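Summary of structural features
If you want the building blocks of each chain, they are given just below.
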Amino acid sequence: MQFSRPRGTRDFLPEEMARRRYVEKVMRETFESYGYREIQTPVFESLELIAAKSGEDIVKHLYSFKDKSGRSLALRPELTLPVMRLYINELQRKPKPIKLYYFENCFRYEEPQAGRYREFWQAGIELIGTSYPEGEAEVIAIAVEVLEKLGLKDFELHIGSIGILRKILRESGVKEKEQGKILHLIDKGEREKLENLLKKLKISGENKRILLGILNLSGEKKEVVSKARELLKGRAALEEIEKFESILRFLDLKVQKYSLNLGIARGLDYYSGTVFEIYANRLGAQKQICGGGAYSLAGMLGGEETPTCGFAFGFDRVMLALEAEKEMNIDSKTHVLVVPVSESLLGDAVKISSIIRKSASCELDLMRRKLGRALAYANSEGIPFVVIVGDEELAKGCVTLRDMKTGEQKEIKLSELERIGEKL
Ligand code: HAM
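Residues numbered from 1 in each chain as written. Predicted model: local features only at pLDDT ≥ 70, side-chain atom pairs only at ≥ 80, totals over all residues. Heavy atoms only, no water.

Some points on the domain arrangement of the chain
Operational definition: Per the annotation, domain bounds derive from an automatic or database assignment of domains.
Partitioning the chain into domains gives domain 1 (14-325) and domain 2 (336-422). Taking only C-alpha atoms into account, the centre of domain 1 sits 52 Å from that of domain 2.

This is the structure we're talking about:
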């Protein structure tokens, strides 16, 4: 009997893993170059934590279960809530800002399709403890820098402000819980349901006109900001525009191309300020490769209120976007294959392989192939060099090095093997 993978999960073969590890490395190095340090949290958390502030859409798609002691748990659907729990448990007293990053798998019971999986990976950062605009601008710029370093060309950064939307709603007398419902409908683009809910909440006239007016604003910075200012004249939400603009002023120092879209509402309940999404248009329906923004969680998770912002790449979607644009040939192959010409030399070949591994990746032929077949194997696997261990050469303190590309062979001294990687 054969078994297949659970729906919505994937296996990754070596070539794909090599590409994934390369992209992961670029992400990690970029995060670390800004002072972010990696953390890890459990794959499952208490259901209560995850359900607390994730939002309707995420809760609907949770993998949740009871353990043998009857505890309600859930596989993490994202990392921001777990990271904030960790921060409150372990790091609250540390000097600010606290800069954390993660690279982890997440689980959402969604309908699988291209770019949408039930197990997927997120690479993200969280900046905790500063509310200065240069901090938020830096977070957005890091996401763009990663994509530029990876050589992705066809992507768009869209920036919005849930802070403005929430202020308008608050001024219209809408409670926090209802705000979540409204933002959810905005995020889903459900205009009719939104109109109905606004009616039910008695948001009409001027308040409704302003909200819908703001939602429709998108495009170039100057135009969007001036129209938003006009709409919000004399209202408390104007203050949010000022915050928003100061973030953009810092962002302009690092990122040249972006659009504003004040209709972005994000799919999670905890956002409270500037938010952003990055789209790779070639991916069609699942084009959102990154999402993030400023959020409020510390207080409601039992900690001291503190400003926080961050983002997460949908790592799998970044991979799809890169692969749609270019061929990614990442070399993770063995450099050297060691082949003894007879079984009596196997012991020497084992020792020689260990020496070579000090400077190059090296496989000992474990199939006891004859030399001709071993060379054919190296060829088929793209292993560029073969070290042939023969009696005569060994007696002289040498082995034969064959360059598989040119077919050239030369003897090299055993004493040189330790640093052979530098010459290949
Ligand atoms: P999110 O937008 O829900 O935000 O997820 C971030 C990214 O994960 C999405 O932009 C998308 O690329 C990817 N993603 C989501 N669901 C799937 C799926 N089923 N299959 C493949 N990829 C998926 C968050 O999770 C926030 N925690 C981001 C954040 C961090 N905000 C502040 N800090």
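So, next bit.
A word on the site of the ligand
Rules: By convention in this text, a residue qualifies as near a molecule or strand provided that one of its non-hydrogen atoms is within 4 Å of it. Side-chain atoms alone can form a polar contact between residues adjacent in sequence; in general such a contact is a pair of N or O atoms within 3.5 Å, and within protein one must be able to donate a hydrogen while the other accepts it. Accessible areas in this description were obtained via Shrake-Rupley with a 1.4 Å probe; residue shielding takes into account the shown protein chains only. Here a cavity means grid points, on a 1 Å grid over the protein atoms only, where a 1.4 Å probe fits yet cannot get out; a pocket means an open set of points with protein on both sides within 12 Å along at least five of seven lines; lining residues are those with an atom within 4 Å of a point. Being in a pocket or cavity means that more than half of the molecule's atoms lie within 2 Å of its grid points. The secondary structure listing takes helices from DSSP runs of H or I that are at least 4 residues long and strands from runs of E that are at least 2 residues long, numbered from the N terminus.
Near the ligand lie 26 residues; those nearest to it are Glu78, Thr80, Glu110, Tyr271 and Gln288. For the ligand, an oxygen atom lies 3.0 Å from a polar atom in the side chain of Gln122. Arg266 is positioned with one of its side-chain polar atoms (N or O) 2.9 Å from an oxygen atom of the ligand. Contact with the protein chains hides 96% of the accessible area of the ligand, taken as 660 Å² for the molecule alone. Among the detected pockets, the ligand sits in the largest pocket. For the shell around the ligand, the elements supplying multiple residues, two or more each, are strand E6 (119-128), strand E11 (288-295) and strand E12 (308-314).

Concerning the pairing of strand E10 (residues 271-279)
Our working rule: Burial here depends on accessible area, computed with a 1.4 Å probe over protein chains only, as a share of the maximum for the residue type. Under 20% is buried, over 50% is exposed, and the range in between is partly exposed. Whether two strands pair comes down to DSSP finding at least two bridges between them.
Taken across its nine residues, E10 has eight buried, putting it largely inside the fold. Here strand E7 (residues 156-161) runs beside E10; their pairing, made up of six bridges, is antiparallel. In the strand pairing of E10, Gly160 is matched with Val275. Across six bridges, the pairing between E10 and E11 is antiparallel. Residue pairing in the sheet places Tyr271 in a bridge with Tyr295 of E11.

Some details on the packing of helix H5 (residues 133-149) against helix H11 (residues 238-252)
Each packed pair of helices is defined by two parameters, the angle between the axes and the distance between the axes. Convention followed: To get an axis, a line is fitted to the C-alpha atoms, and for a helix only the part in contact is used. The angle between two axes follows their N-to-C directions and goes from 0 to 180 degrees. Here the angle decides the label: under 35 degrees means roughly parallel, over 145 means roughly antiparallel, 65 to 115 means roughly perpendicular, and every other value means oblique. Take the far helix as the reference: if the near one is turned anticlockwise from it by less than a right angle, the crossing is left-handed, and if turned clockwise, right-handed. We call two residues in contact when some of their heavy atoms are within 4.5 Å. Any residue that is not Ala, Val, Leu, Ile, Met, Phe, Trp, Tyr, Cys, Pro, Asp, Glu, Lys or Arg is counted as polar, Gly included; the first ten are nonpolar and the last four charged.
Contact geometry of H5 with H11 gives a least axis separation of 8 Å together with a crossing angle of 50°. Classified by the angle their axes make, H5 and H11 are oblique. Like other packed secondary-structure pairs, H5 and H11 cross with a definite hand, here right-handed. Taken together, the residues of H11 that come into contact with H5 (itself represented by Pro133, Glu134, Glu136, Ala137, Ile140 and Ala141) are Ser246, Ile247, Phe250 and Leu251. Its residues assigned to classes, the contact of H5 with H11 shows seven nonpolar, one polar and two charged.

Points about helix H7 (residues 176-188)
Just so we agree on the cut-off: Helix span, expected: 1.5 Å multiplied by one less than the number of residues in the helix.
An ideal rise of 1.5 Å per residue puts 18 Å on 13 residues; H7 measures up with 19 Å between its terminal C-alpha atoms. Along H7, the residues classified as buried are Gln179, Gly180, Ile182, Leu183, His184, Leu185 and Ile186. Phi turns positive one or two residues past the end of H7, at Gly189, with a value near 70°.

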